[in-house]
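For reference, the chains in residue letters:
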Amino acid sequence: MNIEHYFDWAATSPADEDILRESLEETLEFWGNPSSTHEVGKKARKLFESARLRAANAIGVKPECIYFTSGGTESDQITLLSVLTKPMKGTVLVSSIEHPAIREQSEALKNCGWKVLQIPADSDGIIQPQTVAEMITNDTVLICIMAVNNETGVIQPIYEIADAITKASEGKRRPKFHVDCVQAAGKINLNLSYKGIDSAALSSHKICGPRGIGILYMKDACEPFLRGGGQEKGIRSGTENVFGAVAFSKCLERYYNKAKKSDAERTNNFIEKLGELPGCTIIPPGRLQKKDLFSPYVVQAAFNNIPGNVMLRALDSKGFSISTGSACSAKKNKRPVLEAMHVDAQLRENAVRFSFGPHTTDKAVDELVAAVSEINSQFNK
């Protein structure tokens, strides 16, 4: 497949073939179960733990804070479900623009008697630290806010939010702060060792790694709701994915905190060209004046008279891959993130997402603009 015209990196990224081949060769040699106590198992364990150390060094945290999971969704949900082990029910605060991994699971917590409150976003999709602080009560145990939104690319002020949580909790129990970093890793500079961040989720296939492997960073271990064989210090039971851990750790070394200034310049140029097309609306419109508040790897736009699915199919027929939002919600035809931002219903229906990666070229972006312009001209003259 030609990845030149692939603009759905937020859904998944093309694999780094060199890393996957190298990792596969290593794990074919050390193929044992890393939890076995014989020599074959011990060799697999050594490889697995070296991957943990490599991942920790790449992220800038302690190796004992790294837990390998099956992906971003499980990393998010281990944290969420841990509240079910608490003897007293309380309140969980979840931002209104979260990924379904958080949003849908938090709804399930309500059925277990927990109070779940949505933290409202402003019209740009930003969660303000003061808003979070004002919602904290004595029984708030967990706060979940993603670092970069997967649909609009807005970068949340997670460090300021962490500080606001700490300040608002002075003199009482501080709620845990969990950050979904799936769309942030490799796209913006991250400091997960920041004092107010308690846990974070990462996913391999968003940064050129294999599917089925993720990382849960936890400063302090939680009480897991799901139990089993006790792997990963009991936090995530199940036979360890040695190949996935090795490959993911190498992808973190190659791509984590490696965003390039030229990528931002290219995306800003792309946004300006889109904005010149008749009937095009950048979502949110404020992005045009606040470029630094958005990841240069995700752009949301809508076109008059062109439903999102129509634009997607028209571009697909020309060999360009885009999406209408989160791949996890693609079949539901709903846009809860845009609804939370109070985006007009017609714009929500027409909205599409363009997302980029480290291998996207200027030439391919120019060709995308030309294709979008040609399609748009058929509906907006």
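Heads up: the structure comes first, above all this text.
Asks: What am I meant to see in the state of the cysteines here?
Replies: In a disulfide, the sulfur atoms of two cysteines are held together by a covalent bond. Inspection of every chain in the model, using the stated rule, returns zero disulfides. No disulfide involves Cys112; its sulfur sits 15 Å from that of Cys144, the nearest cysteine. You can see Cys144 has no disulfide; the closest cysteine sulfur is in Cys222, sitting 12 Å from it. In this structure Cys144 comes out as buried when scored by relative accessible area, which is 0%.

Asks: Help me out: how do you make sense of the pattern of salt bridges in this one?
Replies: Oppositely charged side chains are able to pair whenever their charged atoms sit close together. By the definition in use, this model includes 21 salt bridges. Note that Glu26 and Lys250 form a salt bridge whose closest N and O atoms lie 2.3 Å from each other. Within this pair, whereas Glu26 is found in helix H1 (residues 17-29), its partner Lys250 is found in helix H7 (residues 242-255), the two being separated by 224 residues in sequence. The exposure class of Glu26 is partly exposed, given its relative accessible area of 23%. The network of salt bridges with shared partners includes Arg45, Glu49, Arg52, Glu232 and Glu240.

Asks: Would you mind showing me how to read the packing of aromatic side chains here?
Replies: Both the distance between ring centres and the angle between the ring planes are used here to describe each pair of aromatic rings. On inspection of all chains with the given rule, the structure shows seven aromatic pairs. Judged by centre distance (5.3 Å) and plane angle (50°), the rings of Phe48 and Phe68 are tilted. Note that Phe48 is positioned in helix H2 (residues 39-59) and Phe68 in strand E1 (residues 66-69), a separation of 20 residues in sequence. The same class applies to Phe48 and to Phe68, which are both buried.

Asks: Sorry if this is basic, but what is going on with the pairing of E1 here?
Replies: Along any regular strand the residues' side chains alternate between the sheet's two faces. Side chains of E1 alternate between two faces, with Ile66 and Phe68 and Tyr67 and Thr69 buried alike. Alignment of E1 against strand E7 (residues 214-218), held across four bridges, turns out to be antiparallel. The residue bridging Ile66 from the neighbouring strand is Tyr217, located in E7.

Asks: So what exactly am I meant to see when it comes to the environment of Ser249 here?
Replies: The topology assignment puts Ser249 in helix H7. Sequence separation of Ser249 and Val148 is 101 residues, and the distance between their C-alpha atoms is 21 Å. Sequence-distant contacts of Ser249, that is, excluding residues within four places in its chain, are made with Ala51, Arg54 and Ala55. Of the polar contacts made by the side chain of Ser249, one reaches the side chain of Arg54; its length is 3.1 Å.

Each value, and the rule that gives it
Residues numbered from 1 in each chain as written. Predicted model: local features only at pLDDT ≥ 70, side-chain atom pairs only at ≥ 80, totals over all residues. Heavy atoms only, no water. Disulfide = S-S within 2.5 Å. Buried < 20%, exposed > 50% of the residue type's maximum accessible area, 1.4 Å probe, protein only. Salt bridge = Lys/Arg side-chain N within 4 Å of Asp/Glu carboxyl O. Helix = DSSP H or I, 4+ residues; strand = E, 2+ residues; numbered from the N terminus. Phe/Tyr/Trp six-rings, centres within 6.5 Å; stacked < 30°, edge-to-face > 60°. Pairing = 2+ DSSP bridges. Contact = heavy atoms within 4.5 Å. Polar contact = N/O pair within 3.5 Å; in protein donor to acceptor, adjacent residues only side chain to side chain.

Remember that the coordinates give geometry; whether it matters functionally is a separate question.
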